[in-house]
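# Observations on the model geometry
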Amino acid sequence: MENKNYTPVFDDNEMKTVEYHKSKYPAQMAAVMPLLWMIQEKYGWISTDAMKYVGDLLKLPHDHVLGVATFYSMYFKKPVGKYHLQICTNVSCMLCGGYDIFNHISRKLGIKNKEITPDGIFSIEEVECLGSCATAPMLQINNKEFHEKLTTEEADKLLENLRNSN
Amino acid sequence: MEKIILKDIPDLDKISVYESNGGYAAWKKVLSQMKPEEVIEEVKKSGLRGRGGACFPTGLKWSFMPKGNEKPKYLCCNGDESEPGSFKDREIFEKNPHQFIEGALIAAYSMGIKAVYVYIRGEYWKWINIMEECVSDAYKNGYIGKNILGSGYSVEMYVHKGAGAYICGEESSLMNSLEGKRGYPRVKPPFPAAVGVWGNPTTINNIETLANVPEIINKGAEWFSKIGEPKHPGTLLFGVSGHVNKPGVYELPTGIPLMTLINDYCGGVKNGKDFKMIIPGGSSMPPLTKEESLTMKMDAESLKAVGSAIGTAGVMVMNEDTDIVHVLQRITKFYYHESCGQCTPCREGCGWMLKVLNRIMDGTGRHSDLDLLISVAENIEGNTICALGDAAAWPVKWTIRKFRKEFEAKIKEDKTGLPAVNKVHGLRKSEEYMTISDHTEQVKVEKLMGKVQELTQNEDVKRFSS
Ligand SMILES: Cc1cc2nc3c(=O)[nH]c(=O)nc-3n(C[C@H](O)[C@H](O)[C@H](O)COP(=O)(O)O)c2cc1C
Ligand code: SF4
Ligand code: FES
């Protein structure tokens, strides 16, 4: 997938949510994180134009928004696959085979860390501890669902289900 | 043993179930019968200490907040929970979220706070949704909002979603993140009670700390202070992971023997193996050897006595086959990734330590590397804005000290031809380097030292090194 910029717009409903987020904090700069989340939910990743858009909504310098967006690892500054698999390899997962899961999926999909499959369906990322150490090894999909106590067979099944539901 | 937080009541996350099991009674009692100072006094007497890692006395922390109302005051609830090996706050969000909310409200009342922010790590998508629903239910039932239950006291509560940065668990970084900035820790002093979020007095508490508060109000400080170890009373949510048969979160009194936790509750080490190393409180805490573990009691003071700490009570168990060097390399990679980059010792030091550990793992390590690692760690420790620097340094320093043989076994031959004792970088603190027996080593060192002296005569070098 090419690294296309896009120009975001929020509709009236979304603008209400923007106002709600602004009302939560005594200074509207604080709404920058919730607004970046809204952008990512809607478009899948955060383009430079989207950062400018958030800056304009909150009357913040564009470079401030850029600074925030680049600080936090869960904000995607580049497109990711439709299913972005975030595989934990931190200590507890590593002890229970986290790297086996990572390497298995990587080999199976033919992509390395932070790469996307040519069809744009999958991307993978090696991530730090996700607070699921007792049910290691595990992965998260698109910053959302956890898949815990994985085996390579289950990982295969998961990939297949995702591909079929596509 | 009776549990304070993870009670065996199904559906306790539903507000009606929570209420019918005595939920929000403490909140009603506080609003109708207690003055703010009395609440703080009760929590002080209970001996409750913070569960976020530093074990700071909670009542004392609350008493640091200014009494007047000239400025708005804030409470930040720390649910960032990103320390590798920690997954206990997640259990509270899932199993007993209202008890945490109730505790946060009581804390807010005791300090005259007008707004509470619950900061939850962005990866906890599911638990953020649960919390948002619970907060909204508590609003509906009149426990949060304006003039609560006719008491005249008003407070708001908001959930704030993080976006993947371990450092945002550090309290001053959390405040910057909440303000909509990069999560850079702040230089202290000023402390949050004086200048916190948006420049106003702020208290930061861990989720588990606050979840203990309602029961302290219900059953009294004395009841609480008699549970577990007197100097660190109450229960802890031990999160056990790694090579055990039944990993999970176990709520047990402080001071429980580590071996009881592992053998009786977690079903022992997997596949009948022996264990080699245990990290007692999340990856930042110095590890325990098998010998230390056998007699260790799990509370702040007992662990402090052997130079480790209870941290977040995230216990990571490693069996006899574990590659300790690989574990340390992975831990260091984490801190290198998570350093915010403000302080040179932390930013560069973590990178150096990782590079050295990488080469030891690759089989190209040098004999001097182990002392080099310790000296880099010692030069990070205490020289940084926040404790992430220490958190990165401790595992390196202590794992090498306690498991040196494992590291030496990976550096069988030194392929670099560099002197074993590298005087040039001048970082070594140990005294051993004064006794060089090997003459050729000595010559190499002298040659290199000569080269350095030559260089320092150079005008450019002088300019940059003065
Ligand atoms: C690098 C770093 C990360 C931290 N992460 C957390 C965390 O995820 N959760 C937490 O409660 N405390 C964390 N802390 C500790 C907080 O700074 C703070 O001490 C704690 O939230 C205070 O709450 P307590 O007094 O209730 O323990 C962290 C500290 C450091 C230095
Ligand atoms: S010690 Fe590390 S994480 Fe903490 S402020 Fe300095 S550079 Fe940032
Ligand atoms: S180490 Fe993987 S979830 Fe904690």
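Criteria and thresholds
Residues numbered from 1 in each chain as written. Chains lettered and ligands numbered in written order. Predicted model: local features only at pLDDT ≥ 70, side-chain atom pairs only at ≥ 80, totals over all residues. Heavy atoms only, no water. Buried < 20%, exposed > 50% of the residue type's maximum accessible area, 1.4 Å probe, protein only. Helix = DSSP H or I, 4+ residues; strand = E, 2+ residues; numbered from the N terminus. Arc of directions from axis to C-beta. Contact = heavy atoms within 4.5 Å. Domains from an automatic or database assignment. Salt bridge = Lys/Arg side-chain N within 4 Å of Asp/Glu carboxyl O. Near = heavy atom within 4 Å. Polar contact = N/O pair within 3.5 Å; in protein donor to acceptor, adjacent residues only side chain to side chain. Areas by Shrake-Rupley, 256 points an atom, 1.4 Å probe, with all protein chains shown as cover. Nonpolar A, V, L, I, M, F, W, Y, C, P; charged D, E, K, R; others polar. Buried area = accessible area lost by both parts, 1.4 Å probe.

## Remarks on helix α2 (residues 25-33) of chain B
Residue and element names in this part refer to chain B. Taken together, the buried positions of α2 are A26, W27, V30 and L31. One side of α2 carries all its buried residues, which in axial view fall inside an arc of 130°. Turned more than 90 degrees from where α2 packs its buried face, S32 and Q33 sit exposed. On the buried face of α2, the contacting elements are α3 (36-46), α6 (97-111) and α10 (213-219).

## Examining the domain arrangement of chain A
Looking at chain A, the domain boundaries give domain 1 (12-71) and domain 2 (83-164). For domain 1 of chain A versus domain 2 of chain A, the distance between C-alpha centres works out to 29 Å.

## Some words on the pattern of salt bridges
Following the criterion strictly, the structure yields 41 salt bridges over all chains and no others. Ionic pairing is found between E348(B) and R347(B), a salt bridge with its closest N-O pair at 2.8 Å. Put simply, K397(B) and E381(B) hold a salt bridge, and the shortest N to O gap is 3.1 Å. Here E381(B) lies in the loop between α17 (369-380) and α18 (388-402) and K397(B) lies in helix α18, a separation of 16 residues in the sequence. Relative accessible area serves as the criterion here: at 25%, E381(B) is assigned to the partly exposed category. Overlapping salt bridges, with partners in common, bring together E126(A), E128(A), R330(B) and K333(B) in one network.

## Comments concerning the site of ligand 1
All names here are of chain B. Every one of the 18 residues lining ligand 1 counts as a neighbour, but G52, K61, N78, N206 and T209 are closest to it. R51 is positioned with one of its backbone polar atoms (N or O) 3.3 Å from an oxygen atom of ligand 1. In the complex, the protein chains occlude 89% of the 620 Å² of accessible area that ligand 1 would expose alone. Of all the elements, strand β4 (residues 202-206) adds the most residues to the shell around ligand 1, at three residues. Residues belonging to the shell around ligand 1 are distributed by class as follows: four nonpolar, eight polar and six charged.

## Some thoughts on the domain arrangement of chain B
Residues and elements named next belong to chain B. Entries for chain B in the domain assignment read domain 1 (15-225), domain 2 (230-319), domain 3 (325-410) and domain 4 (425-465). Domain 1 and domain 3 are separated by 34 Å when their C-alpha centres are compared. The partner domain 3 presents nine residues to the 12 residues of domain 1 that form the contact. Taken together, both faces of the contact between domain 1 and domain 3 bury some 830 Å²; the carbon and sulfur share is 73%. In this structure, the connection of domain 1 to domain 3 is made through zero salt bridges.

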